[in-house]
Amino acid sequence: MKIGSASAVLAAAGAVFEKEKMPMPTTVTAFDNLNAVKEGKYALPALPYDYSALEPFYSEQTLRLHHDKHHAAYVNGFNTALEKLQAARKEGNFLDIKSLSKACAFHGSGHVLHTLFWHSMKPGGHSGMPDDLAMALNNSFDSVDAAKAQFAAAAKDVEASGWGVLAYEPLAGKLLILQAEKHQDLAIWGVLPLLVCDVWEHAYYLQYQNRRADWVDAFMKLANWEFAAQRLSMINHNFSGQWKLNNSNDAPRPPSGLKKRS
Ligand SMILES: [Fe+2]
């Protein structure tokens, strides 16, 4: 799956839950649907905090506009695209398949990433780095500080609009930091996002104007590492074998059933 692919990410989250019979850590909610789906349709989730809770790093006015207008537009666009695709299937008329597929990816990715983004920040800022995530960051990026520095640099330097993304890549069982340009492009299939920073202009222009770096520095003060750790814990808990988090410095393992080339 692609990180920018809403249906794929939500399907993965759902699939994880449907497996459910296994005991899950009781405090982890990071892989439920985060209230982004209601009664079979995608829905605008309520923020997990008050509109003013991220002040002064993220203003109430910016957050209201971002959540109530921009995120809501992605939700509506996603549902509309899916309805039109349903009608196209019914009529057997796929003349608009290109634009509808694009609309699906664009609005769907926007919905998934914004849903994660609200949880990627925490009122009051840093709450320390959970041990398991610290170990994973150390193993994937040499140190926690280096990971934070790479994340901030990647977010600041996304070309045009997009996202900074901390993600889990299951082939090697390692973490990656990515730039998701325009959020429907340049993603990597298979990764699962853990923490995302929105650097579309609508995310920060009201408060930071063209100072994207100042916005990213503010985001880093709000970064919710506990949420990232919970998502990582759920991935680690639900994947087995070669899909588990690789906390060794070994070379990536080949998928089971495949022999290493000699
Ligand atoms: Fe946004």
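The shown structure was predicted, so the numbers you read here are calculated from the model rather than taken from an experiment.

So, how was this worked out
- Residues numbered from 1 in each chain as written.
- Predicted model: local features only at pLDDT ≥ 70, side-chain atom pairs only at ≥ 80, totals over all residues.
- Helix = DSSP H or I, 4+ residues; strand = E, 2+ residues; numbered from the N terminus.
- Buried ≥ 20, exposed ≤ 12 C-beta atoms within 10 Å, placed from the backbone.
- Pairing = 2+ DSSP bridges.
- Arc of directions from axis to C-beta.
- Axes fitted to C-alpha atoms, helices over the stretch in contact; angles between N-to-C directions.
- Contact = placed C-beta atoms within 7 Å.
- Left-handed = near helix turned anticlockwise from the far one by under 90°.
- Nonpolar A, V, L, I, M, F, W, Y, C, P; charged D, E, K, R; others polar.
- pLDDT = per-residue confidence, 0-100.
- Parallel < 35°, antiparallel > 145°, perpendicular 65-115°, else oblique.

**Student:** I would appreciate a short explanation of the overall build of the protein in the present structure.
**Tutor:** A tally of helices and strands in the protein yields 8 helices and 5 strands. In the protein, buried positions account for 36% of the 262 residues.

**Student:** How should I be thinking about the pairing of strand 3 (residues 162-169) in this particular structure?
**Tutor:** Note on strand geometry: in a regular strand, side chains alternate between the two faces of the sheet. Strand 3 sits mainly inside the fold: 7 of its 8 residues count as buried. With 8 bridges joining them, strand 3 and strand 4 (residues 174-181) adopt antiparallel strand pairing. Paired with G164 across the two strands is Q179, which belongs to strand 4. Joining the antiparallel neighbours strand 3 and strand 4 is a turn of 4 residues, in which G173 adopts a positive phi near 65°. Both strand 3 and strand 5 (residues 192-198) contribute to a ladder of 6 bridges, which runs antiparallel. By the bridge assignment, A167 is partnered in strand 5 with P193.

**Student:** Even after reading the chapter, I still don't get unusual backbone geometry, so can you show me in this structure?
**Tutor:** In most cases, non-glycine residues show a negative phi, while peptide bonds are predominantly trans. Following E55, the chain continues to P56 via a peptide bond in cis, the omega torsion being 0°. Located in the positive-phi region is N35, a residue other than glycine, with phi close to 60°. We classify N35 as exposed; it has 12 C-beta atoms within 10 Å. Although it is not a glycine, D142 sits at a positive phi angle of roughly 80°. Following the sequence through the fold, D142 ends up in the loop between helix 4 (131-141) and helix 5 (144-156). By C-beta crowding, D142 is classed as exposed, having 11 other C-beta atoms within 10 Å.

**Student:** For this particular structure, what's the right way to read helix 4?
**Tutor:** Taken residue by residue, helix 4 has L133, A136, L137, S140 and F141 as its buried positions. One side of helix 4 holds all its buried residues, which, seen down the axis, span an arc of 100°. Positive backbone phi, approximately 80°, marks D142, located one or two places after helix 4.

**Student:** Please explain the sheet that holds strand 5 as it appears in this structure.
**Tutor:** Pairing between sheet strands relies on hydrogen bonds along the backbone, with the strands arranged either parallel or antiparallel. Ordered in space as 4-3-5, the 3 strands form an open sheet in which the pairing is antiparallel. Where the open sheet ends on each side, the last strands, each with one partner, are strand 4 and strand 5. Neighbour-to-neighbour, the strand axes of this sheet turn through a mean angle of 20°, independent of strand direction.

**Student:** So what exactly am I meant to see when it comes to the environment of M220 here?
**Tutor:** Within the secondary structure, M220 is located in helix 7 (residues 212-222). In this structure, the C-alpha to C-alpha distance between M220 and F151, residues 69 residues apart in sequence, is 8.9 Å. Aside from chain neighbours lying at most four places away, what touches M220 is K148 and A152.

**Student:** Looking at this structure, how should I read the packing of helix 5 against helix 7?
**Tutor:** Helix-helix packing: each pair is described by the crossing angle between the helix axes and the interaxial distance. Here helix 5 crosses helix 7 at 145°, and the two axes come no closer than 9 Å. As for the relative orientation of helix 5 and helix 7, their crossing is right-handed in sense. Residue-level inspection shows K148, A152, A155 and K156 of helix 5 in contact with helix 7, the latter providing R212, A213, V216, D217 and M220. For the contact of helix 5 with helix 7, the per-class residue count stands at 5 nonpolar, no polar and 4 charged.

**Student:** What am I meant to see in the confidence of the model for the protein here?
**Tutor:** Note: predicted coordinates in regions of low pLDDT should not be interpreted at a detailed level. The predicted model of the protein averages 80 in pLDDT, with 75% of residues at 70 or higher. pLDDT under 50 marks residues 250-262. Its contacts with residues more than four places away, or in other chains, come to 7 contacts.

**Student:** I tried to follow the packing of helix 2 (residues 60-91) against helix 6 (residues 201-208) on my own but got confused; where do I start?
**Tutor:** Helix 6 packs onto helix 2 with a crossing angle of 155° between their chain directions and a minimal axis gap of 8 Å. Considering the angle they form, helix 2 stands roughly antiparallel to helix 6. The chirality of how helix 2 crosses helix 6 is right-handed. On helix 6, the residues that touch Q61, T62, L65, H66 and H70 of helix 2 are H202, A203, Y204, L206 and Q207. Looking at the contact of helix 2 with helix 6 residue by residue, the classes come out as 4 nonpolar, 6 polar and no charged.

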